Amino acid sequence: MSDQSTISKRGQEASNTMLRIDMEIYGKALENIFHKETNPDGALILNMAENNLSWYLLKEKIETLTRDNEIPDWVSNYTMSTGAPIFREAVAEFLSRFLTKSPINPDHLACSAGATPVIEVSAWILGDEGDVVVFPAPSYPVYTPDIGNKGRLERYDLITHDDLEDIHSEPLLDIEHLEKAKSDIEGQGKQFKMLVLTNPDNPTGGMYTLEKLLKITDWCLENEVHLVVNEIYGLSLIDTNHPAIKGDYKKDIDFVSFAQIMQDRQSDYLHLWYSISKDIGSSGFRVGLAYSFNEQFLKAYANLNAPHMISNYTQWVFQMVLSDHDFMENYIQKNQEALTESYAVVVKSLKAVGITYVPSRGSLFAWIDLGDFLSAPTQEAETELWLDIYHKTNVLITPAHGFGNSKRGQYRLVYTAISKGDLDVAMRKLGEYFRGLNKLKSDTD
Ligand SMILES: Cc1ncc(COP(=O)(O)O)c(C=O)c1O
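The model shown is predicted, which means the values in this text are computed figures rather than measured ones. (Residues numbered from 1 in each chain as written. Predicted model: local features only at pLDDT ≥ 70, side-chain atom pairs only at ≥ 80, totals over all residues. Heavy atoms only, no water.)

> For the overall build of the chain, give the residues involved together with the corresponding values.
On a plain count of helices and strands, the chain comes out with 14 helices and 13 strands. Taking 22 Å as the expected radius of gyration for a compact globule of 445 residues, we find that the chain reaches 22 Å, a close match to that expectation. Dimensions of the chain, computed from C-alpha atoms along their principal axes, come out at roughly 65 × 60 × 60 Å. Counting every position in the chain, which comprises 445 residues, the buried fraction comes to 57%. By element, 49% of the accessible surface of the chain is carried by carbon and sulfur atoms, the whole surface being about 19500 Å². Taken together, the 41 basic and 63 acidic charged side chains of the chain have centroids lying 3 Å from each other. (Helix = DSSP H or I, 4+ residues; strand = E, 2+ residues; numbered from the N terminus. Rg over C-alpha atoms; globule rule 2.2 N^0.38 Å. Buried < 20%, exposed > 50% of the residue type's maximum accessible area, 1.4 Å probe, protein only. Areas by Shrake-Rupley, 256 points an atom, 1.4 Å probe, with all protein chains shown as cover. Lys, Arg positive; Asp, Glu negative; His and termini not counted. Charge placed at Lys NZ, Arg CZ, Asp CG, Glu CD.)

> A description of unusual backbone geometry should follow, citing residues and the corresponding values.
Residue Ala-137 is joined to Pro-138 through a cis peptide bond whose omega torsion reads 0 degrees. Inspection of the secondary structure puts Pro-138 in the loop between strand E3 (132-136) and helix H6 (143-148). Residue Asn-199 is joined to Pro-200 through a cis peptide bond whose omega torsion reads -10 degrees. With respect to the secondary-structure elements, Pro-200 resides in the loop between strand E5 (192-198) and helix H8 (210-222). Of note in this structure, Ser-363 is not a glycine but carries a positive phi near 95 degrees. By the element assignment, Ser-363 lies in the loop between strand E9 (356-357) and strand E10 (365-369). Here Ser-363 falls in the buried class, since its relative accessible area comes to 0%. Residues other than glycine seldom take positive phi values, yet Asn-394 does so here, at roughly 70 degrees. Within the fold, Asn-394 resides in the loop between helix H13 (379-393) and strand E11 (395-396).

> Please provide a residue-by-residue account of the pattern of salt bridges, values included.
By the definition in use, this model includes 18 salt bridges. The shortest N-O distance in the salt bridge between Glu-120 and Lys-150 comes to 3.2 Å. Of the two residues, Glu-120 is situated in helix H5 (residues 115-126) and Lys-150 in the loop between H6 and strand E4 (154-158); the sequence distance between them amounts to 30 residues. Assessed through its relative accessible area of 13%, Glu-120 is described here as buried. Between Glu-170 and Lys-251 there is a salt bridge whose closest N-O contact spans 2.5 Å. (Salt bridge = Lys/Arg side-chain N within 4 Å of Asp/Glu carboxyl O.)

> Could you give an account of the site of the ligand, with specific residues and numbers?
Surrounding the ligand, one finds 16 residues, the nearest of these being Ala-115, Thr-116, Tyr-233, Ser-277 and Lys-278. The separation between an oxygen atom of the ligand and a polar main-chain atom of Ala-115 is 2.8 Å. One of the side-chain N or O atoms of Lys-278 is found 2.6 Å from an oxygen atom in the ligand. About the coverage of the ligand: the protein hides 94% of its 400 Å² of free accessible area. When residues in the shell around the ligand are grouped by element, the largest group, three residues, is from H5. A per-class count over the shell around the ligand returns seven nonpolar, seven polar and two charged. (Near = heavy atom within 4 Å. Polar contact = N/O pair within 3.5 Å; in protein donor to acceptor, adjacent residues only side chain to side chain. Nonpolar A, V, L, I, M, F, W, Y, C, P; charged D, E, K, R; others polar.)

> Which residues make up the sheet that holds strand E12 (residues 398-399), and what are the values?
One open sheet accounts for four strands, arranged E9-E10-E13-E12; its pairing is antiparallel. Lying at the two open borders of the sheet, with one neighbouring strand each, are E9 and E12. Pairing analysis gives two bridges linking E9 to E10, with the strands arranged antiparallel. Bridged to Tyr-357 within E10 is Ile-368. The strands touched by H13 within the sheet are E12 and strand E13 (410-414), with E13 carrying the most contacts at an inclination of about 35 degrees. (Pairing = 2+ DSSP bridges. Contact = heavy atoms within 4.5 Å. Axes fitted to C-alpha atoms, helices over the stretch in contact; angles between N-to-C directions.)

This is the structure in structure tokens:
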């Protein structure tokens, strides 16, 4: 750090802390995007958790609504910091019909500009500086700055397995893991304040059974730990009966929203996070929410959320979109079909070259094991392979940097940011690359 700096120490620290390891390379890739005719050597971007498969449906809907409806006057003014009442009502009806299948009270919703501020504000309210938030590993790396930057809470990656095959069927998290985390954390003189589950999971696509969620809830209530379930991928479900992938699933697991358990328990320790960024392919609109029965949490949220409010224009547009339940039903169904088709493309290619993956039940990801191709079991070798893949194939995936998993060589691949046609090209390029490495390996063995 320079002595000449005019900014605060924390500002200097922030200026030197990358949000994600793949951000810089992603920025460059965006300037050189693949196009099958005009830029066949361009970048195929499979690292950013975006879903563009159904944007054509949403785009047409928004264009029609904004053309046919006059902008109401409230749009140009301030509104409640946690969301305009008319918007929260539309969100509550949408959620209860499509995601939670249980009643959602709009007075218990607090909306912010995306899940990112929802996580940041929630962590700030639920924990004090130095308190610990537990995430079963591997888990979304950006949780770390979200809980840490402002709230100064610490992340604990709870290891439940080393090999990716171990979570083939479902996440392994159980009471013994929670007990171990608690004793580790308390042994360091700290407090296990929150447990965060992502369901379906980023990056594994795993899904928790209702029985497991209930067991974990009971443990959290007994131990006075706040349990938050992030259902940001709750409607991005894979059709596990699709003939191309059916054989991967030995057990049926239905998605059950945590809101049902919250409704039943009515506890101050249980909370839900959601955002339309992924399920409705709208990351650029910035709409997220927390749902809680904890009145004090909601009051604090309202007092803290002013910097994170969703623009009223966006609230107006999405209040209309989300209220059209026929449109949303069709959107969700078409989106899940498209998601499954693209996922099947990935699975077929991975199987053809013998790459191990976690069979996904939802989310936008394939979580794959390239450990056999590492020159050494280290973070450096993992980064080296990731860059080599990108430089030789133009396909940009994400290394497990900051995901908290124990074994090196695991990578995340997003299959929804590009069209199925372009995904075919990306997987063909990756397939050729892996075949080359397989050959090199068998020649040297
Ligand atoms: C688990 C999880 N939470 C939160 C976010 C951030 O979402 P948003 O764009 O709504 O801020 C993401 C985005 O990748 C995510 O995967």
